[in-house]
Amino acid sequence: MRQLFVDKQVRCVIDDVPRPTPQAGHVLIKVLYSVISPGTETASLGNSSTVSGNNLSKVMGIIQSGGLERAIEIVKDKLNRLSPKGYSGAGVVVAKGEDVLEFELGDKVAYAGQPHAEYVLAPKNLVAKMPENVAMGEAAFTTLGAIAMQSVRLANIQLGDNVVVVGLGLIGQLAVALAAAAGANVIGIDLVAERVALAQKMGLTNGILSTETDNVIREVMELTKGRGADVVLLCAATASSVPANQAFAYARRKAKVVMVGAMGLNFNRSDLYAKEIDFKVSCSYGPGRYDRDYEVKGQDYPFEYVRWTENRNMNSFLQLLSAGKLNLRPLISKQLIFGQEATEAYRLLMEQKNNLVGILLKYPETAESDDQSGAKIVLRPVLPKQGMINVGVIGVGGFSRNTLIPAIKKIKNVNLSAVADINGVEAKHVAKLKGFGYATTDYKQVLADKNIDVVMIATRHDTHYQIAREALLAGKHVHVEKPMTMDLAQAKELEKLVVSSNKLLQVGYNRRHAPCIKKIKSLLANRNTPLMTLCRVNSGSLPLSHWVNDPHEGGGRLIGEICHFIDLLYWLVEAEIADFGFQKIDSPVSAITARDNISINFK
């Protein structure tokens, strides 16, 4: 499938990447429309330098800890990386995880947080079913509408309120329309006359054309009969703090000021303090945003306690469109065909010689089938060769990219055949950078490849057992990163399968291979006295929200990390564990301290 990116030279490119593979809790959507949001999507495009002081400091740190070779690998990885763009669109559900009951194949839906691409894989809580009478092109604005809606909800706008919207880009225009629909008297402020005129079509009562030196405060006070604004929605994107400080000045006492866009935070305290202004920051689409349990795992918030989540905001926006309360047609500055026309749109945006507000991308009907053939991108032919070992790698996280794969490449007679990851962009990026034959989002394609001899598994902990089991059944030798399994029953089951399959299975316990550890073992080799060892691990703490601490996904640090050092001691001592005991710190102050500080004694 094709996807839109911006490269390090700030050029828009369309690239072929493996199509996503359906996952639990997700739906696969064939995209028909997506929206380019000029402000959000071009905000970071000018900052492509990789040789800043901060980056140079990071590189020096990598050289000190991992050596020059590893630092070069990581820098090459960064320099060759493409940046996906896009986050709002609409299409049709073509596949889904078996546990997804909310959607059926063929459902027309709007989605959030996914790039401009012909297919997207979206978590179910970031997908909303479209009413029948809503046009697909307008539904593509749903994510942007949810952002504007969340700011209006935070402001708690009342009928007749004087609401000032600062910045009349796409989000600002939608905020104007929603505030007007709520019965407010809306005043819009922008630097561009065309945007002020456009906002009048969206429900604006009065417009103010401003620059930072204009007397905006006086004009707002005149329009509100000297009382000041009841609500201010700061939708502009600027490094300046002037718009915010102006808002505090023309807001009435106890007014609400909601920051929606990214702007300077050097506030003038006097107005903010003296007026007891209620200042809030609106977080994107609404409650649930950036919460992995909600967005990725699909755990909803109780309706009674969190009335408006990001998904409920999306559905509410679609209902307003269905009821005819909103007209988005004036916001479509251009409608372009996804492909070459899309790259031209980004060029226009970067030149900043236009007043484009909303750019709608329409996706052409493609001949690509909806089966799993599109999940694979072939970069070069992979054929069996006498004396060569063909390797397939599953999982391309940081450890896999920067440590595991470079180590494999140093081994003679090894051919990097295939790489698989649920993120197709990452899979292809690593495949091109490291020289693999093909990239796929479906690891089962690697297991089914008769040319592949060895499978390396570097995914998250909860998937190790299942993939290792399937790989052994497929007749592959297996290297699986620690932990091999998440519980003892799985470990015993895998052990039986290793014996019956007559294949090798290696667990990635690498501490025993360190040169200093090998030296220690050699010094202990000829002892004839009892041995006492002390292994102290100072690895720092992980936040409670880190995936390793998830009992289902990571298993906690005992299973996920301390296993390394248990293996190390086992290897040094060369004896079975006969008994063990442990102590931990009980901390009423810090759950992290209580969880991560542990002493284990083995006999």
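Conventions adopted
Residues numbered from 1 in each chain as written. Predicted model: local features only at pLDDT ≥ 70, side-chain atom pairs only at ≥ 80, totals over all residues. Heavy atoms only, no water. pLDDT = per-residue confidence, 0-100. Contact = heavy atoms within 4.5 Å. Core = buried A, V, L, I, M, F, W, Y, C linked by side-chain atoms within 4.5 Å. Buried < 20%, exposed > 50% of the residue type's maximum accessible area, 1.4 Å probe, protein only. Helix = DSSP H or I, 4+ residues; strand = E, 2+ residues; numbered from the N terminus. Pairing = 2+ DSSP bridges. Expected span 1.5 Å × (residues − 1). Arc of directions from axis to C-beta. Patch = residues over 30% accessible without salt bridge, like charges linked within 9 Å, V, L, I, M, F, W, Y side chains within 5 Å. Areas by Shrake-Rupley, 256 points an atom, 1.4 Å probe, with all protein chains shown as cover. Salt bridge = Lys/Arg side-chain N within 4 Å of Asp/Glu carboxyl O. Right-handed = clockwise from strand over helix to strand, strands pointing away. Phe/Tyr/Trp six-rings, centres within 6.5 Å; stacked < 30°, edge-to-face > 60°. Lys NZ or Arg CZ within 6 Å of the ring centre and 35° of its normal. Disulfide = S-S within 2.5 Å.

Scored by pLDDT, the chain has a mean of 90; 94% of the residues are at 70 or more. Segment residues 47-51 is flagged for pLDDT under 50; beyond a separation of four residues in sequence, or across chains, it makes six contacts in the model.

A few words on the nonpolar core. Formed by 55 residues in total, the largest nonpolar core has its most connected members in Phe141, Val165 and Leu233. Broken down by element, the residue count for this core peaks at eight residues, all from helix H6 (residues 170-181). Not counting chain neighbours up to four residues away, the residues in contact with Val165 comprise Gly172, Ala175, Val176, Val186, Ile187, Gly188, Ile189, Leu233 and Cys235. Counting 35 residues, the second-largest nonpolar core is a separate cluster that includes Val17, Val109, Leu121 and Ala345.

This part is about the sheet that holds strand E1 (residues 2-6). Reading across from one edge, E2-E1-E4 is the order of the three strands in this open sheet, with antiparallel pairing throughout. Since the sheet does not close on itself, it has two edges, and those belong to strand E2 (12-16) and strand E4 (83-84), each with one partner. Relative to E4, E1 runs antiparallel, the two sharing two bridges. Across the sheet, residue Phe5 finds its bridge partner in E4, namely Pro84.

A separate point is helix H3 (residues 68-79). A rise of 1.5 Å per residue sets the reference length of H3, with its 12 residues, at 16 Å; its end C-alpha atoms lie 16 Å apart and thus fit the reference within 8%. Among all positions of H3, only Ala71, Glu73, Ile74 and Asp77 are buried. Around the axis of H3, the buried residues are gathered within 160° of arc, so they sit on the same side.

This part takes up unusual backbone geometry. With an omega of -10°, the peptide bond running from Lys482 to Pro483 counts as cis. By the element assignment, Pro483 lies in the loop between strand E22 (477-480) and helix H18 (488-501). For Lys254, which is not glycine, the phi torsion reads 65° and is therefore positive. By the element assignment, Lys254 lies in strand E13 (residues 251-259). Within the chain, Glu276 stands out as a residue other than glycine whose phi angle is a positive 50°. Here Glu276 shows up in the loop between helix H10 (269-274) and strand E14 (278-281). By relative accessible area, Glu276 is classed as partly exposed at 48%.

Take the environment of Leu447 next. If you trace the backbone, Leu447 turns up in helix H16 (residues 443-448). Leu447 sits in the buried class, given a relative accessible area of 7%. Sequence separation of Leu447 and Leu473 is 26 residues, and the distance between their C-alpha atoms is 9.2 Å. Aside from chain neighbours lying at most four places away, what touches Leu447 is Ile394, Val455, Ile467, Glu470, Ala471, Ala474 and Lys476.

A cluster of nonpolar side chains, Tyr570, Ile577, Phe580, Phe582, Ile598 and Phe602, forms an exposed patch at the surface whose accessible area comes to about 580 Å². Contributing elements (two or more residues each) for the nonpolar patch: strand E24 (580-584) and strand E25 (598-602). By relative accessible area, Phe582 is classed as partly exposed at 49%.

What follows concerns the pairing of E14. Strand direction decides the pairing type here: E13 and E14, joined by four bridges, are parallel. For Val258, the partnering residue across the bridge sits in E14 and is Lys280. Read from E13 through H10 to E14, the crossover connection turns out right-handed.

Attention now moves to the packing of aromatic side chains. Under the definition given, this model contains five aromatic pairs. Consider the rings of Phe248 and Phe267, whose centres lie 5.1 Å apart with planes at 85°: the pair is edge-to-face. Of the two residues, Phe248 is situated in helix H9 (residues 242-250) and Phe267 in the loop between E13 and H10; the sequence distance between them amounts to 19 residues. You can call Phe248 buried: its relative accessible area is 0%. For the ring pair Phe338 and Tyr363, a centre distance of 4.4 Å and an interplane angle of 20° mean the geometry is stacked. Taken together, the positions of Phe338 in the loop between strand E15 (332-337) and helix H13 (340-351) and Tyr363 in the loop between strand E16 (358-362) and strand E17 (376-378) put the pair 25 residues apart, joining distant regions of the chain. For the pair Phe338 and Tyr363, a shared accessibility class is recorded, and that class is buried. Joined through ring pairs, the aromatic side chains of Phe248, Phe267 and Phe279 make up one cluster. Its guanidinium or amino end placed over the ring of Tyr119, Arg19 lies 4.7 Å from that ring's centre, counting from NZ or CZ. Here Lys521 stacks its cationic end above the ring of Trp571, 3.9 Å away from the centre of that ring.

A few words on the state of the cysteines. What the rule picks out here adds up to zero disulfides. Here Cys516 stays unpaired: no disulfide links it, and the sulfur of Cys535, its closest cysteine neighbor, is 11 Å away. Taking the relative accessible area as the measure of exposure, Cys516 reaches 53% and is therefore exposed. No disulfide involves Cys563; its sulfur sits 12 Å from the nearest other cysteine sulfur, which is in Cys535. Residue Cys563 is classed as buried on the basis of its relative accessible area of 11%.

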